[in-house]
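Analysis of the macromolecular model
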Amino acid sequence: MNNTIKTKAYAAFDESGEIKPWEFERRPVGDDDVLIEIKAASICHSDIHQEKGHWGKQQYPQVPGHEIAGIVTQVGKNVTKFKVGDKAGVGCMVNGCTTCENEEQYHPDTKFTYGYAEEKEPTGITQGGYSTHIVVRDHFAVHLPDGVSFEKAAPLLCAGITTYSPLIKADIKKGDKVGVAGIGGLGHMAVKIAVSKGAEVYAFTTSAEKKEDIKGFGAKEVIVVEDPKALYAHSQTLDYMISTIPYQFEIAPYVATVKPDGYFTFVGMPVGFEITLSNIGLAASRVNFNASLIGGMKETQEMVDYCVANDVLPEIQMIKASEITEAWKKVEEKKARYRYVIDTSTI
């Protein structure tokens, strides 16, 4: 287990958004690690933001991807959670604190899946899932049930948990009126999860052509937002809203759709991580505004099991690795329906 893992991948080499083939070596499999042969990896808007430098300067080459599904092919001597041949998934974290009950994502020692300084890695940083293999601390992998394909499982590891976690913490239940703003990779999962909990879901989108799709996901009503100020017609009608919009936008009209003392959760990550808020807009609504970052490992396993058992799975489009750059452009143009998944056998 002292040998580095030769890996093929598609990586960013600069901020251009062009993703090209690259070969590199991952760290050897340690005593507490598992080696996963990646079968499917999906594209998150976060990949684009990070590799284009929207969240700060990056070290290149860098392999994106934190929605990963595959098969365990090697385990360290201390590993009991997995055995060779198990189906496993990896999300936004690959190492760090293993004693947190369910909040590893907030621990200062957490190492995220790509672009994070890691002295154990030959490249000096963690490298993500647009690749053939990944080495990860066993604690940060989850079991994938037999009833789900690699392709459908991969998007659950970010899009699924990022929306599931705040919805569960909001205690969404039957009859609650839940708003979802931004119906892309994350948003369509938020709709499906909330519907599965019995909520009346009101979806807010700027893409009129998605309307019938969203109704098919179970939304009670789809509001096509051409002018945010028109949202004031829906003021104080919702118990809760989750926003997945990954850009700057006029937030106050969306917040105002929630009843006073209700909750608005922001999970979208705009350029620079910054959002602009109207204090008078928030004050006039008296809504509890918060943000959420993925979920812990216990909750991630719970989410995967729940989504598979209840057929709450993503809508996907399969692509070859050579099509990643074009797929990124389509994500930015809001043309994805609704998660691009890379067939890693084409790397």
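The structure contained in this document is the topic of the report that follows.

Each value, and the rule that gives it
Residues numbered from 1 in each chain as written. Predicted model: local features only at pLDDT ≥ 70, side-chain atom pairs only at ≥ 80, totals over all residues. Heavy atoms only, no water. Axes fitted to C-alpha atoms, helices over the stretch in contact; angles between N-to-C directions. Helix = DSSP H or I, 4+ residues; strand = E, 2+ residues; numbered from the N terminus. Parallel < 35°, antiparallel > 145°, perpendicular 65-115°, else oblique. Contact = heavy atoms within 4.5 Å. Salt bridge = Lys/Arg side-chain N within 4 Å of Asp/Glu carboxyl O. Buried < 20%, exposed > 50% of the residue type's maximum accessible area, 1.4 Å probe, protein only. Core = buried A, V, L, I, M, F, W, Y, C linked by side-chain atoms within 4.5 Å. Domains from an automatic or database assignment.

Here helix α3 (residues 159–169) crosses helix α8 (residues 297–309) at 100°, and the two axes come no closer than 10 Å. Comparing their axes, α8 and α3 come out roughly perpendicular. Together, G160, I161, Y164, S165 and K169 of α3 and E299, T300, E302, M303 and Y306 of α8 make up the contact between the two elements.

On inspection of all chains with the given rule, the structure shows 17 salt bridges. Notably, a salt bridge pairs D86 with K83, separated by 2.9 Å at the nearest N-O pair. In this structure, E299 and K169 form a salt bridge, with 3.3 Å as the shortest nitrogen-oxygen distance. Note that E299 is positioned in helix α8 and K169 in helix α3, a separation of 130 residues in sequence. Residue E299 is classed as buried on the basis of its relative accessible area, which comes to 5%. In this structure K169 comes out as exposed when scored by relative accessible area, which is 53%.

With that out of the way, let us pick up the nonpolar core. With 64 residues, the main nonpolar core has I36, V136 and V191 as its most contacted residues. Split by domain, this core shows at least three residues from each of two domains, domain 1 (5–158 + 295–346) and domain 2 (159–291). When residues no more than four places from it in sequence are discounted, the contact partners of I36 are G70, I71, V72, A88, V90, T132, H133, I134, V136 and A141. One finds A11, W22, I319 and A327 within the second-largest nonpolar core, a separate group that totals 20 residues.

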